[in-house]
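For reference, the chains in residue letters:
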Amino acid sequence: MSKIFALLITLIALISSRTAAAQVLTPSLSLFYFSNGSKTDYAATANTNDSTKRKDTYTFINLGVCYNLNGLCLGLKYLQGELETKTSSPAGNGISTAVFHGPGLTLGYSGAEGLVAHGSVLLGTKKDIESVSTTYYCKSAYVIELGYGFKVSSVRVGPLLGIYQFTYNKREVDGVSASLKPNESDAFVMPQVGLWVDL
């Protein structure tokens, strides 16, 4: 993978040295926040009708910067995402937060007319669950983003669809590591709000 990105960097450098195309540095930000709840009822007993309530809250933030040459984008990204789960039942209440984080490399298209299509490979990505002292290590992780930015001066803002895929091959609990066979995974599809600034 590193060889592929090294080749792409070399290619862009060659193109930029031989053309008079406009070169733009584009910082970017995408946000997603969503909360949903559910309730599971159990059969009534002589004393009560038990139930368990669950509420999941997703908060994902992507920060990036892109070197844009005639729409061809090569850049860096950092992901910080949280999935907070609250449960309430007759047996008691609980809360757990999974934190997804890691840097990445981005390649894609970011046109002046507004269309954005990016793919990012995340490197060294982890999922931390502090309440149980557990860390999951990613074997692979990527983000695909498709959106459209409506231009206002040098700023573009608009809807963005993000597809996230995390595959874990190692888990660490209280400092003790173990391989995951088979691997475990998380996948999310998230409608987001995107912001791009052309400098």
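What comes next concerns the included structure. (Residues numbered from 1 in each chain as written. Predicted model: local features only at pLDDT ≥ 70, side-chain atom pairs only at ≥ 80, totals over all residues. Heavy atoms only, no water.)

## Structural notes on the pattern of salt bridges
Two side chains of opposite charge can pair, provided their charged atoms sit close to one another.
Now for step 1: Tallying each qualifying case throughout the model produces six salt bridges.
Now for step 2: One salt bridge in this structure joins Asp-198 and Arg-156, with 3.0 Å as the shortest N-O distance. You can see Asp-198 sitting in the segment after strand S10 (176-197) and its partner Arg-156 sitting in strand S9 (residues 155-173), a full 42 residues away along the chain. For the pair Asp-198 and Arg-156, a shared accessibility class is recorded, and that class is buried.
Now for step 3: Note that Arg-171 and Glu-184 form a salt bridge whose closest N and O atoms lie 3.6 Å from each other. Of the two residues, Arg-171 is situated in strand S9 and Glu-184 in strand S10; the sequence distance between them amounts to 13 residues.
Now for step 4: One connected set of salt bridges, linked through shared partners, spans Lys-151, Arg-156 and Asp-198. (Salt bridge = Lys/Arg side-chain N within 4 Å of Asp/Glu carboxyl O. Helix = DSSP H or I, 4+ residues; strand = E, 2+ residues; numbered from the N terminus. Buried < 20%, exposed > 50% of the residue type's maximum accessible area, 1.4 Å probe, protein only.)

## Examining the layout of surface pockets
Now for step 1: Of the pockets and cavities examined, the largest pocket occupies roughly 190 Å³.
Now for step 2: Contributing to the lining of the largest pocket are 13 residues, with Val-24, Asn-68, Ser-110, Gly-111 and Ala-112 lying nearest its centre.
Now for step 3: Going through the elements one at a time, strand S1 (23-41) and strand S4 (92-110) are the ones with two or more residues in the lining of the largest pocket.
Now for step 4: Here the lining of the largest pocket is built from residues that sort into four nonpolar, six polar and three charged. (1 Å grid on protein atoms, 1.4 Å probe; cavity = no way out; pocket = protein on both sides within 12 Å on 5 of 7 lines; lining within 4 Å. Points joined across faces, edges and corners; volume = space filled by probe spheres on them. Nonpolar A, V, L, I, M, F, W, Y, C, P; charged D, E, K, R; others polar.)

## Focus on the environment of Ile-61
Now for step 1: Looking at where Ile-61 falls in the secondary structure, it is placed in strand S2 (residues 51-69).
Now for step 2: Among residues more than four places away in sequence, those in contact with Ile-61 are Leu-29, Ser-30, Leu-31, Tyr-78, Leu-79 and Gln-80. (Contact = heavy atoms within 4.5 Å.)

## Here we look at a nonpolar patch on the surface
Now for step 1: Together, Tyr-142, Ile-144, Leu-146, Leu-161, Ile-163 and Val-189 make up a nonpolar patch on the protein surface, roughly 490 Å² of accessible area in all.
Now for step 2: Looking at the nonpolar patch, the elements that each hand over two or more residues are strand S7 (134-148) and S9.
Now for step 3: By residue number, the principal contributor to the nonpolar patch is S7, which donates three residues.
Now for step 4: Following the sequence through the fold, Leu-161 ends up in strand S9. (Patch = residues over 30% accessible without salt bridge, like charges linked within 9 Å, V, L, I, M, F, W, Y side chains within 5 Å. Areas by Shrake-Rupley, 256 points an atom, 1.4 Å probe, with all protein chains shown as cover.)

## Digging into the pairing of S10
Now for step 1: One ladder, built from 18 bridges, connects S9 with S10; its direction is antiparallel. Residue pairing across strands places Ile-163 opposite Val-189, the latter belonging to S10.
Now for step 2: The hairpin turn running from S9 into S10, its antiparallel successor, is two residues long, and Asp-174 in that turn takes a positive phi close to 50 degrees. (Pairing = 2+ DSSP bridges.)

## What about the state of the cysteines?
Now for step 1: Inspection of every chain in the model, using the stated rule, returns one disulfide.
Now for step 2: Residue pairing for Cys-66: its cysteine sulfur links by disulfide to Cys-73, the two sulfurs lying 1.6 Å apart. Considered together, Cys-66 and Cys-73 belong to a single accessibility category, that of buried residues. (Disulfide = S-S within 2.5 Å.)

## A word on the nonpolar core
Now for step 1: Counting residues in each nonpolar core, the largest one holds 19 residues, and the members touching the most others are Phe-60, Phe-100, Tyr-164, Phe-166 and Phe-188.
Now for step 2: When contributions to this core are tallied by element, the ones reaching two or more residues are S2, strand S3 (72-89), S4, S7, S9 and S10.
Now for step 3: Ranked by residues supplied to this core, first place goes to S7 with four residues.
Now for step 4: Filtering out sequence-adjacent residues up to four positions away, Phe-188 remains in contact with Tyr-58, Phe-60, Phe-100, Gly-162, Ile-163, Tyr-164 and Phe-166. (Core = buried A, V, L, I, M, F, W, Y, C linked by side-chain atoms within 4.5 Å.)

## Regarding empty space enclosed by the protein
Now for step 1: Tallied over the full model, the rule gives two cavities of 30 Å³ or more.
Now for step 2: One number sums up the size of the largest cavity: a volume of about 70 Å³.
Now for step 3: As for the largest cavity, its lining consists of Ser-28, Leu-29, Ser-30, Lys-77, Val-116, His-118, Glu-145, Leu-160, Gly-194, Leu-195 and Trp-196.
Now for step 4: Every element with two or more residues in the lining of the largest cavity is listed here: S1, strand S5 (115-122) and S10.
Now for step 5: A breakdown of the residues in the lining of the largest cavity according to their chemical character gives five nonpolar, four polar and two charged.
Now for step 6: For the second largest cavity, the full set of lining residues is Ser-28, Gly-64, Val-65, Cys-66, Cys-73, Leu-76, Lys-77, Thr-106 and His-118.
Now for step 7: Every element with two or more residues in the lining of the second largest cavity is listed here: S2 and S3.

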